[in-house]
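An overview of the molecular structure
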Amino acid sequence: MGQLRLSGGARLPPDAPGAPASPPLLPPPGRRRLLALLLFAMLALWLCVLYSCAARACASAAPGLLLLRGSAPPARRAHNPAALSKLLLLRAPGSKGQLSPEQENNDEDDDEDDDGGNNNSNGGAAADSPLSPISSFLNGSGTKRLPQAVIIGVKKGGTRALLEFLRVHPDVRAVGAEPHFFDRNYERGLTWYRAQAWLCCADGNIRPGCWWNSDCSRRTKDLMPRTLDGQITMEKTPSYFVTKEAPARISAMSKGTKLIVVVRDPVTRAISDYTQTLSKKPDIPTFESLTFKNRTTGLIDTSWSAIQIGIYAKHLENWLLYFPIGQILFVSGERLISDPAGELGRVQDFLGLKRIITDKHFYFNKTKGFPCLKKAEGSSKPHCLGKTKGRTHPNIDQEVVQRLREFYRPFNMKFYQMTGHDFGWD
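One structure accompanies this document, and this report is about it. (Residues numbered from 1 in each chain as written. Predicted model: local features only at pLDDT ≥ 70, side-chain atom pairs only at ≥ 80, totals over all residues. Heavy atoms only, no water.)

What to know about the overall build of the protein chain
What the protein chain contains, in helices and strands, is 15 helices and 17 strands. Residue burial in the protein chain is summarised as follows: out of 426 residues, 50% are buried. Per element, the accessible surface of the protein chain, about 20,200 Å² overall, is 57% carbon and sulfur. (Helix = DSSP H or I, 4+ residues; strand = E, 2+ residues; numbered from the N terminus. Buried < 20%, exposed > 50% of the residue type's maximum accessible area, 1.4 Å probe, protein only. Areas by Shrake-Rupley, 256 points an atom, 1.4 Å probe, with all protein chains shown as cover.)

Concerning the packing of helix 9 (residues 266-280) against helix 15 (residues 398-419)
Contact geometry for helix 9 and helix 15: axes closest at 9 Å, N-to-C directions at 125°. With respect to helix 15, the axis of helix 9 lies oblique. Taken together, the residues of helix 15 that come into contact with helix 9 (itself represented by Pro266, Val267, Thr268 and Ile271) are Val401, Leu404, Arg405, Tyr408 and Asn412. Here the contact of helix 9 with helix 15 is composed, by residue class, of six nonpolar, two polar and one charged. (Axes fitted to C-alpha atoms, helices over the stretch in contact; angles between N-to-C directions. Parallel < 35°, antiparallel > 145°, perpendicular 65-115°, else oblique. Contact = heavy atoms within 4.5 Å. Nonpolar A, V, L, I, M, F, W, Y, C, P; charged D, E, K, R; others polar.)

Regarding unusual backbone geometry
For the bond running from Gly153 to Val154, omega is -5°, close enough to zero to count as cis. By secondary structure assignment, the location of Val154 is in the loop between strand 6 (149-153) and helix 5 (159-166). A positive phi is found at Lys156, a non-glycine position, where the angle reads about 60°. Positionally, Lys156 belongs in the loop between strand 6 and helix 5. Owing to a relative accessible area of 7%, Lys156 belongs among the buried residues under this scheme. The phi angle at His180 is positive, at roughly 50°, despite the residue not being glycine. Here His180 shows up in the loop between strand 7 (172-174) and helix 6 (181-184).

Some remarks on the pairing of strand 11 (residues 232-236)
Across the five residues that make up strand 11, a large majority, five, are buried. Side chains of strand 11 alternate between two faces, with Ile232, Met234 and Lys236 and Thr233 and Glu235 buried alike. Relative to strand 11, strand 6 is paired through three bridges, and the arrangement is parallel. Looking at strand 11, one finds that Val150 is bridged to Glu235. Note that strand 7 and strand 11 share three bridges and pair parallel. In the strand pairing of strand 11, Ala174 is matched with Met234. (Pairing = 2+ DSSP bridges.)

Some details on the pattern of salt bridges
Tallying each qualifying case throughout the model produces 14 salt bridges. Taking the shortest distance from any N to any O, the salt bridge between Arg160 and Glu164 comes out at 3.2 Å. Residue Arg160 and its partner Glu164 are both found in helix 5; the two are separated by four residues, about one turn of the helix. Residue class for Arg160 comes out buried when judged on its relative accessible area of 1%. Across the pair Glu343 and Arg346 runs a salt bridge, and its minimum N-O distance is 3.1 Å. In this pair, Glu343 and Arg346 both sit in helix 14 (residues 340-350), three residues apart, roughly one turn of the helix. According to the relative accessible area criterion, Glu343 is buried, its value standing at 1%. Among the charged side chains, a salt-bridge network with shared partners connects Arg335, Asp339, Glu343 and Arg346. (Salt bridge = Lys/Arg side-chain N within 4 Å of Asp/Glu carboxyl O.)

Spelled out as structure tokens, the structure:
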């Protein structure tokens, strides 16, 4: 064996020239089946990862594949494959002589379900937090862009509700947290603003001081979202409206930036502002004592931020030095409650978006007294804003309320003239 017989009885060794090649060695049938199964499994895995970018089906079938940052759930729309992996950033609980100016200007940053938070950060730590390859793949599509639209105010006007409603739209990518770039972090530069990430604490929430808090993990959350062609990047920081430098800074970023201001009856807004502060500092003076410089003379203390924010006409004058009135949309905080779909229709038109958010997206929660989403972004469940929304206001002396209405009336009238809209507060 092992030799070839030639004519005449001679034999050739198997490696002799002219000898036919031996048949290739093949793995046994059992091993071939195993290799085929492994190849099929790898193909199925990659297909699942690819499809999970466009729909939540794979995410629900194989949640172990989604090695996403922190505990924030992936938010994807099955009806719009182009809207890739919106991440809902989690946030944390984040007055006259009672709180610092930055604390006073934090809009609704104490709400458990809000995506806001302080951003007084020491940015170098983020570099130590590399993302997993799958996470980078899922979230790497699109481009980080500077915002084309900014909700600039006002505090306690309804900015969080507006932002959450807008995030339902597939062509809106919104920053969940309040970046406070144009009032607190401008010196870091636009490159930082566009590319920044936040460290997250161990429980997945963003906390004030989280950058240097030793209790925080080394994970990060992107702040500025990635967008595809045709999508709009947005952010909201209500303190911009009352920040003197903000108009010039936003104009320097882009003169074409669209601005949205949610306004509310300034008296009700001031009481709501005080109520939020009271929930944090129960020992602060009464609303009545903070309102007046001298109650006997009835002189209003306009240095108190709760009062000062509501002088909308004064703040708007500063913005009109840099932006035409047609580039600013004024949303009624009252109508945002009574007719959310109507106000969202105006906002979608202003942003050049198709009217996708309609009445069918809302229901009225009688317990909270606010409209809620039937299906929030990336979820099939109803969603209402947190328990800190709709706090019960303290009883305020009606004489004080009436005096405030008299104080605000001329400012309101001027504001109506400037905007061309009567908000009906008087």
